[in-house]
Amino acid sequence: VVAYRIPKDSITPFLQEFPGVVMDIIRVLSRRLDETSQILSGLKELCDQLPDAVLITDKDGRLLSWNAAAEELYGGDWSSMYSRPAESLYKNPDAYTSHIRSVQTQKTVRETVFEIPQTGHGQRFVSISATLLYDGHHNVRGILSLSRDVTAQQMLERRYRQARRLILSPL
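Criteria and cut-off values
Residues numbered from 1 in each chain as written. Predicted model: local features only at pLDDT ≥ 70, side-chain atom pairs only at ≥ 80, totals over all residues. Heavy atoms only, no water. Salt bridge = Lys/Arg side-chain N within 4 Å of Asp/Glu carboxyl O. Helix = DSSP H or I, 4+ residues; strand = E, 2+ residues; numbered from the N terminus. Buried < 20%, exposed > 50% of the residue type's maximum accessible area, 1.4 Å probe, protein only. Core = buried A, V, L, I, M, F, W, Y, C linked by side-chain atoms within 4.5 Å. Contact = heavy atoms within 4.5 Å.

### Quick look at the pattern of salt bridges
A complete count under the given rule lists 8 salt bridges for this structure. The closest approach of N and O atoms between glutamate 115 and lysine 91, which form a salt bridge, is 3.3 Å. A residue pair is termed long-range when its members are at least 10 positions apart, and glutamate 115 in strand S3 (residues 108-116) and lysine 91 in the loop between helix H4 (78-81) and helix H5 (93-106) qualify at 24 residues. Residue arginine 161 pairs with glutamate 157 through a salt bridge whose shortest N-O separation is 3.9 Å. Note that arginine 161 and glutamate 157 are positioned in helix H6 (residues 151-168) at a spacing of 4 residues, about one turn of the helix. A relative accessible area of 41% places arginine 161 in the partly exposed class. Each of Asp58, Asp60 and Arg62 takes part in salt bridges that share partners, so that together they form one network.

Pasting the structure below:
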């Protein structure tokens, strides 16, 4: 294999001088794009089958993708959620931001429970596990989060603590 390095500022003049190369580049990029699209489509179908909500954000925390379970859990359709800051999904955005900073320093963090805004009355809680996504050069490209509804468990724990206080409080 012979490889040629073309300086960035020389690419346009090179392609103008050798237009046949443009078609070769287009064919290679088209094939790679098609392969990547098929892989992503398959992953989307797989994620939609998972019971947990799957959220993918870019490195700045903007939503890039999520599955059907996330749509149901967080209550928004994809078109209204795309590129929205992930912290806006939570009742306490600062706590979520702090959680993500922990993920970025520790690479992965145990499940953490957050309250999400609920239309109507009542409270709703989700448990989140997150891990970093890297590119081929080990640069952080985003975050993959798995969320599940833990409202029933949170409410049961709250009732247990209340009952315990009542039983153990002095008369």
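Let us keep going from here.
### Observations concerning the nonpolar core
Counting 22 residues, the largest nonpolar core has Leu55, Tyr74, Leu89, Tyr90 and Val126 as its most contacted members. Looking at this core, the elements that each hand over two or more residues are strand S1 (53-58), strand S2 (63-66), helix H3 (68-74), H5, S3 and strand S4 (124-134). Discounting chain neighbours no more than four positions away, the residues touching leucine 55 are Leu63, Ser65, Trp66, Ala70, Tyr74, Leu89, Ile143, Leu144, Ser145 and Ser147.

### Notes on unusual backbone geometry
Positive phi is not limited to glycine here, since serine 83 has a value of about 70°. In this structure, serine 83 sits in the loop between H4 and H5. Among the residues examined, serine 83 registers a relative accessible area of 34% and is labelled partly exposed. Positive phi, close to 65°, is recorded for histidine 138, a residue that is not glycine. Mapped onto the elements, histidine 138 comes out in the loop between S4 and strand S5 (140-149).

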